[in-house]
Amino acid sequence: MKTLTIDQRVFKHQDTQTKIKISLFEDDNRVSLDNEADYQFKIKNSSGYLKSETLTIEDDRLVLTTDKFRDLIPDTYNFEVWVDENSIYPSENYGYFSITKNVNEVDGKTIPVITIEDFEKRFDDAIKNVKSDKNEIDNRLKLYSESLKNTDSVARQAHDIAYNADSRSIANSARIDNIVTPPESDSSTEVTDARVGATSLGGFKYDNLGNAIRGQINFLSEQLDLSKLTRTVTIVANESGKYISASGNVASSSGFSISREISLQAGETLYVQATGYLTNIAIVAKKENSSYVPLIKSIDSVNRKYSYQAMEDVTVVISYYEQNAHNAFIVSSLIDEIKIKSDKLASNLKIDWIHGNYISGRGNYTASESFKISKPIELQRGDVLNFTAKGYLTNVALIALLNPGKNTYTPVLVSEDSNQRQYSFEILQNGLYVISTAVDTEYNPIFVTKSKEENLADISMFSSIGVIGDSYASGELAFDGNYVDHYEISWGQILGRKNGIKVTNFSKGGLTTQTWLTNEHGLSLLNSSDICDLYILALGINDYSRGKEAYLGTTSDISTQSDTFYGNYSKIINAIKSKAPDSKIVISTIAYKSDLTDKYNDAIRKLATHFNIPVIDQQIEPFFSSDYYLNHMQGGHPTGPVYSGMAKAMQNLIEQSMSDNLSYFETFKK
């Protein structure tokens, strides 16, 4: 895999003296630069390709001065390094840099300064004006009072008309308890005493105002039974091992199920809690004869809450992952505006909008008169943001996380088309978030609910943990082309010190599922060490980067123990089960996102299903897609602070797995 590092990503507009230095890496090894080669720095922004600049070489690093950017406006840009027009760095995604406004480009206002003497003079003048106004008011009141004594004056006539007006003309005409303004014969007490109903219409007099209010509430409760407005749906599998894909096809996958048919009436809203897989699952699909139309698609692989409001009478099915929580209920159209959620009611947020801008799907702050962006909203992990939005194709970050201090954004929910949709999005990281949507989006309240109770499981239940992995599990540092394992700062050891747990690293830089079986830090160390309470499997980075798709193999290799990713990983799991049959095991996916890693992560999930062990998915943990993680590497490896962040992230994932897989972990120490 080709990667690169850049020593400075942010600089001021019109700064032409800063040197940017870039290092290239291939498979974690620093690339020696060739003075005869042509190195080009190619730049793009959200609108597309912009230009290319030639890089020079200094101290075996590529160098470019910022005078080459004098024609670029303040913005965030992506770049690639091309070598001889046939080799491109990085292999995945892009590098980036940001140009920020200088002080001359920022509008400001000055605060006028006045002397103490000037302030005292202004204050004295204000007091005099107040006294003058008071005298004028007193004089006018005196004249009005005198005019009321004259029965022929206009003031007296207006006073008499108002005084003698029929009070019934301002009485309420449609009360919620069905009592209307009574006839004149019994209206006086109704108007003057809230305890009294209309006696001629069966009104009832309460002994005090408090009982009157409580009595009317009880009356309303009898007339409106809220329990009749919601109904629980029991999700029962109709077809196991299958799901409805995002394109509406019936697909096969172990662990997924399609529910029995559910009937919705026009106006009803179906609320579903379920787990999909990336954007590939139609969580809710409309049944049309023998085919399906996707209505709500999964937005990731997290256990989330989704909602769908039927515009017509319709029959739907739910696709869901069986091992995670799955439930549903239907809310009547009669309380559509109340917006009942499955946990609690929530008040609407007051949102201030900035028109003419949006966050692009790549995280760029982009100008467009057709869009608007909210001012930042502070949200906590576990909050569910409920809102309506409209993007454009896959180009708009409907929700983006503001990166403090950097004025950059990380997209967390990107539009999949140009349609207006309702979203219920679970927040996985504390922070400030913004919403981008088209200016013609229909108004709907924006509110926040809680997804579920805070995770109560704690990793300190385990006294000892074993980590099976590669360089990322070994605390490997890569400085100046030297790659050295520093186990003491590995995420496993940091996690252990934090929680008082003994952690053993069965890991070494460069290991694959194949070489782990023969390396002294792998199987032989496992067999000679004490049994651990929990084993965390975290291999795969070197497998996909070196073995590519050819090494992956198939599920049949699990039983044949073939020399493939499937086969060798199954050997490792069997070795742990043989060594420690009563211990618990979790297996981790790969954080990197690509077509190839998707295939390896799919294999990891299938291995987990085969061996009945939980999966911890690094791609759903915000840390692994954060700027802190992705852009603070050295030589393609984390630094000490990044390893410490990985410790927190892995603990979060493991503890969430303990909560989500209670039946598996409940047998610990059985």
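Computed from a predicted structure; not experimentally measured. (Residues numbered from 1 in each chain as written. Predicted model: local features only at pLDDT ≥ 70, side-chain atom pairs only at ≥ 80, totals over all residues. Heavy atoms only, no water.)

Draft legend 1. Summary view of the overall build of the protein. The helix and strand tally for the protein stands at 13 helices and 39 strands. Within the span of the protein, comprising 670 residues, buried residues form 47% of the whole. Restricting the contact set of the protein to residue pairs at least 6 apart, pairs at least 24 apart contribute 67%. Accessible surface computed for the protein: about 35000 Å², of which carbon and sulfur atoms make up 50%. (Helix = DSSP H or I, 4+ residues; strand = E, 2+ residues; numbered from the N terminus. Buried < 20%, exposed > 50% of the residue type's maximum accessible area, 1.4 Å probe, protein only. Contact = heavy atoms within 4.5 Å. Areas by Shrake-Rupley, 256 points an atom, 1.4 Å probe, with all protein chains shown as cover.)

Draft legend 2. Main features of the pairing of strand β13 (residues 237-244). Sheet analysis places β13 next to strand β14 (residues 250-259), joined by 6 bridges and oriented antiparallel. Looking across to β14, one finds that S240 is bridged to S257. Counting the residues that bridge the hairpin from β13 to β14 gives 5 residues, and of these G248 lies at a positive phi of roughly 95°. (Pairing = 2+ DSSP bridges.)

Draft legend 3. The sheet that holds strand β37 (residues 615-616), seen in detail. With respect to topology, 5 strands assemble into an open sheet ordered β34-β31-β35-β36-β37, the strand pairing being parallel. Both outer strands of the open sheet, β34 (502-507) and β37, are each paired with one neighbouring strand and no more. By the bridge criterion, 2 bridges tie strand β36 (residues 584-588) to β37 in an arrangement that is parallel. When the sheet's bridge partners are listed, S588 is paired in β37 with I616.

Draft legend 4. How the structure looks around the packing of helix α9 (residues 565-579) against helix α10 (residues 595-611). Direction vectors running N to C along α9 and α10 enclose 40°, while the axes themselves pass 11 Å from each other. In this structure, α9 crosses over α10, and the sense of that crossing is right-handed. For the pair formed by α9 and α10, the contact residues are F565, Y566, Y569, S570, I573, N574 and K577 on the first element and Y600, A603, I604, K606, L607 and F611 on the second. Its residues assigned to classes, the contact of α9 with α10 shows 9 nonpolar, 2 polar and 2 charged. (Axes fitted to C-alpha atoms, helices over the stretch in contact; angles between N-to-C directions. Left-handed = near helix turned anticlockwise from the far one by under 90°. Nonpolar A, V, L, I, M, F, W, Y, C, P; charged D, E, K, R; others polar.)

Draft legend 5. Representation of the packing of aromatic side chains in the model. A complete count under the given rule lists 26 aromatic pairs for this structure. On the numbers, 6.0 Å between centres and 40° between planes, the contact of F41 with F97 is tilted. With F41 in strand β5 (residues 39-45) and F97 in strand β11 (residues 95-100), this residue pair connects regions lying 56 residues apart in the sequence. Through a chain of ring-to-ring contacts, three or more aromatic side chains come together here, namely F11, F41, F69, Y77, F79 and F97. Above the plane of the ring of Y89 lies K2, whose end atom (NZ or CZ) is 5.4 Å from the centre. (Phe/Tyr/Trp six-rings, centres within 6.5 Å; stacked < 30°, edge-to-face > 60°. Lys NZ or Arg CZ within 6 Å of the ring centre and 35° of its normal.)

Draft legend 6. Structural detail: the pattern of salt bridges. Inspection of the entire model under this criterion finds 16 salt bridges. One salt bridge connects K242 with E239, and the closest N-O pair in it is separated by 3.7 Å. Relative accessible area serves as the criterion here: at 30%, K242 is assigned to the partly exposed category. Owing to a relative accessible area of 23%, E239 belongs among the partly exposed residues under this scheme. Members of the salt-bridge network, linked through shared partners, are K297, E416, D417 and R421. (Salt bridge = Lys/Arg side-chain N within 4 Å of Asp/Glu carboxyl O.)

Draft legend 7. Summary view of the environment of L349. Mapped onto the elements, L349 comes out in the loop between β21 (327-331) and β22 (353-359). For the pair L349 and F447, spaced 98 residues apart in sequence, the C-alpha to C-alpha distance is 5.3 Å.

Draft legend 8. View of the confidence of the model for the protein. In this model, the protein carries a mean pLDDT of 80, and residues with pLDDT of at least 70 account for 77%. Note that residues 221-227 has pLDDT below 50 and, in this model, 0 contacts with residues that lie over four places away or in other chains. This model gives residues 334-345 a pLDDT under 50, and the stretch forms 30 contacts once residues within four places in sequence are excluded. (pLDDT = per-residue confidence, 0-100.)

Draft legend 9. Expanded view of the pairing of strand β19 (residues 303-309). Most of β19 sits inside the fold, with 7 of its 7 residues counted as buried. Here β19 shows two buried faces, one formed by N303, K305, S307 and Q309 and the other by R304, Y306 and Y308. Relative to β19, strand β16 (residues 269-275) is paired through 7 bridges, and the arrangement is antiparallel. Bridge pairing in β19 places T275 opposite N303.

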